[in-house]
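# Structural description and commentary
As a plain string of letters, each chain reads:
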Amino acid sequence: VLRAVVDARGPWFPSAHARRTGAPRAALDDALAELRTAGLVRVADWVKGAGQGYVATGDGERVAARASQADPGRPQ
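Let me sum up the structure you'll find in this document. Given the structure is predicted, the values throughout are model-derived calculations rather than measurements.

Each helix and strand in the protein chain was counted, giving 4 helices and 2 strands. Taken against the 2.2 N^0.38 rule, which gives 11 Å for 76 residues, the C-alpha radius of gyration of the protein chain at 12 Å falls within 12% of a compact globule. Projected onto its principal axes, the C-alpha coordinates of the protein chain cover approximately 35 × 25 × 20 Å. Within the protein chain, the fraction of its 76 residues that count as buried is 33%. Of the contacts formed within the protein chain by residues at least 6 apart in sequence, a portion of 48% connects residues at least 24 apart. Taken as a whole, the protein chain presents about 4900 Å² of accessible surface, with 52% of it coming from carbon and sulfur.

Take unusual backbone geometry next. The bulk of non-glycine residues show a negative phi, and the bulk of peptide bonds are trans. The backbone of R9 shows a phi angle near 55 degrees, a positive value even though the residue is not glycine. Tracing the backbone through its elements, the reader meets R9 in the loop between α1 (2–8) and α2 (14–21).

A separate point is the packing of α2 against helix α3 (residues 25–37). Angle between the axes and distance between the axes: these two values describe a pair of packed helices. Remark: α2 packs on α3, axes separated minimally by 10 Å, with the N-to-C direction vectors making an angle of 140 degrees. In terms of their interaxial angle, α2 and α3 are classed as oblique. The way α2 lies across α3 gives a crossing that is right-handed. The segment α2 lies against α3, with P14, S15, H17 and A18 engaging R25, L28 and L32. For the contact of α2 with α3, a count of residues per class yields 4 nonpolar, 2 polar and 1 charged.

Ranked by size, the top nonpolar core spans 13 residues in total, and within it L2, V5, V6, W12, L32, L35 and V41 carry the most contacts. At the level of secondary structure, the elements contributing two or more residues to this core comprise α1, α3 and β2 (51–56). Here L2 is in contact with L35, L40, V41, G60, V63 and A64, once residues within four sequence places are set aside.

This part is about the environment of S15. As for its position among the elements, S15 is in helix α2. Leave out the neighbours within four places in its chain, and S15 touches R25 and A50.

Turning our attention to the side chain of T57. Tracing the backbone through its elements, the reader meets T57 in the loop between β2 and α4 (58–70). A distance of 2.7 Å separates the side chain of T57 from the backbone oxygen of G39, its partner in a polar contact. Those residues in contact with T57, other than ones at most four positions away along the chain, are G39, L40, V41 and R42.

What counts and how
- Residues numbered from 1 in each chain as written.
- Predicted model: local features only at pLDDT ≥ 70, side-chain atom pairs only at ≥ 80, totals over all residues.
- Heavy atoms only, no water.
- Helix = DSSP H or I, 4+ residues; strand = E, 2+ residues; numbered from the N terminus.
- Rg over C-alpha atoms; globule rule 2.2 N^0.38 Å.
- Buried < 20%, exposed > 50% of the residue type's maximum accessible area, 1.4 Å probe, protein only.
- Contact = heavy atoms within 4.5 Å.
- Areas by Shrake-Rupley, 256 points an atom, 1.4 Å probe, with all protein chains shown as cover.
- Axes fitted to C-alpha atoms, helices over the stretch in contact; angles between N-to-C directions.
- Parallel < 35°, antiparallel > 145°, perpendicular 65-115°, else oblique.
- Left-handed = near helix turned anticlockwise from the far one by under 90°.
- Nonpolar A, V, L, I, M, F, W, Y, C, P; charged D, E, K, R; others polar.
- Core = buried A, V, L, I, M, F, W, Y, C linked by side-chain atoms within 4.5 Å.
- Polar contact = N/O pair within 3.5 Å; in protein donor to acceptor, adjacent residues only side chain to side chain.

In structure tokens form, the structure reads like this:
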């Protein structure tokens, strides 16, 4: 979920992600709660029709970048 938020390069909307990928919304909400508690994402604006948005914090971007570096087979 952190990678999806970072890759959005702007507000990321779990409702749109769930519709697009079929990911269970409850699982996304649980992951977002953990990421918020860890200070890796923060709440962004709520947008009519899209719902609540999230953006990565600076720490979240650094964690995601380190994870990508640790997995050189992962596309950038």
